[in-house]
Amino acid sequence: MGTSEATFEPWKWLQKREIGFQKTELRSSKFRNKDLLLEGLYSSMVVVDSWEPGKSASHTHHGGVFNFDFSTDGSILVAACERQSILMFDPLSRKLIGYKNNAHDDCVNCVRFLDTRTFATCSDDTTVALWDTRFLKTRFCTLKGHSNRVNF
């Protein structure tokens, strides 16, 4: 069997479906700039097999990313990780700008931004924690009382 130019590539089909781009000349000017911005952002993303930020052992083994969320202004991306940590990225430069190991006592299941700098994380340790992006060293509030793991 020879290779064909019409090979079905499911990841490309899924990417087009998720982004939902239409030809910008067919769209109203109200959405044209947003489409161009999103197209530029998503077209710069590259699939990688592994992530090694500077090959530093202090923050390279976070396990799987269970969830992520953008700040309300889109300037920060925070990821909830399997091995009790949270990662904070600048989505435009695609650089790690902060992280917190041992953010919870168990897996961090989910993260949700409440405003441009405050976000909440929840965990299998039955707690919800509130964080400020400017001060990741400590959470500023812990909500306890769930009888089982917490998901948003």
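First, a word on scope: everything that follows refers to the structure included in this document. The model shown is predicted, which means the values in this text are computed figures rather than measured ones. Just so you know, the residues in each chain are numbered from 1, in the order the chain's sequence is written. The predicted origin of the model limits local features to residues at a pLDDT of at least 70 and limits the giving and counting of side-chain atom pairs to 80 or more, whereas totals for whole chains, interfaces and linings rest on all residues. Calculated side-chain values reflect all of the structure's heavy atoms, with hydrogen atoms and water omitted.

Soluble globular proteins tend to pack their nonpolar side chains together in the buried interior. As used here, the term nonpolar core means buried Ala, Val, Leu, Ile, Met, Phe, Trp, Tyr and Cys residues forming a set that is joined through side-chain atoms within 4.5 Å. Only protein chains enter the accessibility calculation, which uses a 1.4 Å probe; a residue is then buried when its area is under 20% of its type maximum, exposed when over 50%, and partly exposed in between. Within the largest apolar cluster, 13 residues are counted, with the highest numbers of intra-cluster contacts made by Val78, Ile86, Phe119, Trp131 and Leu136. Listed in part, the six residues of the second largest apolar core include Ala120, Cys122, Val128 and Val150.

Before going further, it helps to examine the pattern of salt bridges. What makes a salt bridge here is a side-chain nitrogen of Lys or Arg within 4 Å of a carboxyl oxygen of Asp or Glu, nothing more. Inspection of the entire model under this criterion finds two salt bridges. For Asp132, the salt bridge is made with Arg117, and the minimal N-O distance between the two is 4.0 Å. Here Arg117 lies in the loop between strand E5 (108–113) and strand E6 (118–123) and Asp132 lies in strand E7 (residues 128–132), a separation of 15 residues in the sequence. On the basis of relative accessible area, Asp132 is assigned to the buried category, the value being 11%. Exposure remark for Arg117: the relative accessible area of 39% places this residue in the partly exposed category. Of the charged contacts, one joins Asp132 and Arg134 as a salt bridge, the two residues approaching to 2.7 Å between their closest N and O atoms. In this structure, a network of salt bridges that share partners links the residues Arg117, Asp132 and Arg134. Secondary structure elements follow DSSP: runs of H or I no shorter than four residues count as helices, runs of E no shorter than two count as strands, and numbering proceeds from the N terminus.

Right, let's get into unusual backbone geometry. In terms of backbone geometry, most residues other than glycine have negative phi values and most peptide bonds are trans. Of note, the phi angle at Arg94 is positive, near 60°, even though the residue is not glycine. By secondary structure assignment, the location of Arg94 is in the loop between strand E3 (86–90) and strand E4 (95–100). Its identity is not glycine, yet Asn102 carries a phi of approximately 55°, on the positive side. Mapped onto the fold, Asn102 is located in the loop between E4 and E5. Accessibility expressed as a relative area gives 55% for Asn102, which makes it exposed.

Locating His104 in the fold gives a position in the loop between E4 and E5. Overall, the relative accessible area of 1% leaves His104 in the buried class. Counted as a polar contact is a pair of N or O atoms within 3.5 Å, where, for protein atoms, one must be capable of donating a hydrogen and the other of accepting one, and residues adjacent in sequence contribute only when both atoms are in side chains. Separated by 2.7 Å, the side chains of His104 and Thr121 make a polar contact. Side-chain polar atoms of His104 contact the side chain of Asp125, separated by 3.2 Å. We call two residues in contact whenever any of their non-hydrogen atoms come within 4.5 Å of each other. Those residues in contact with His104, other than ones at most four positions away along the chain, are Gln84, Thr121, Cys122, Ser123, Asp125, Thr127, Val128, Ala129 and Arg139.

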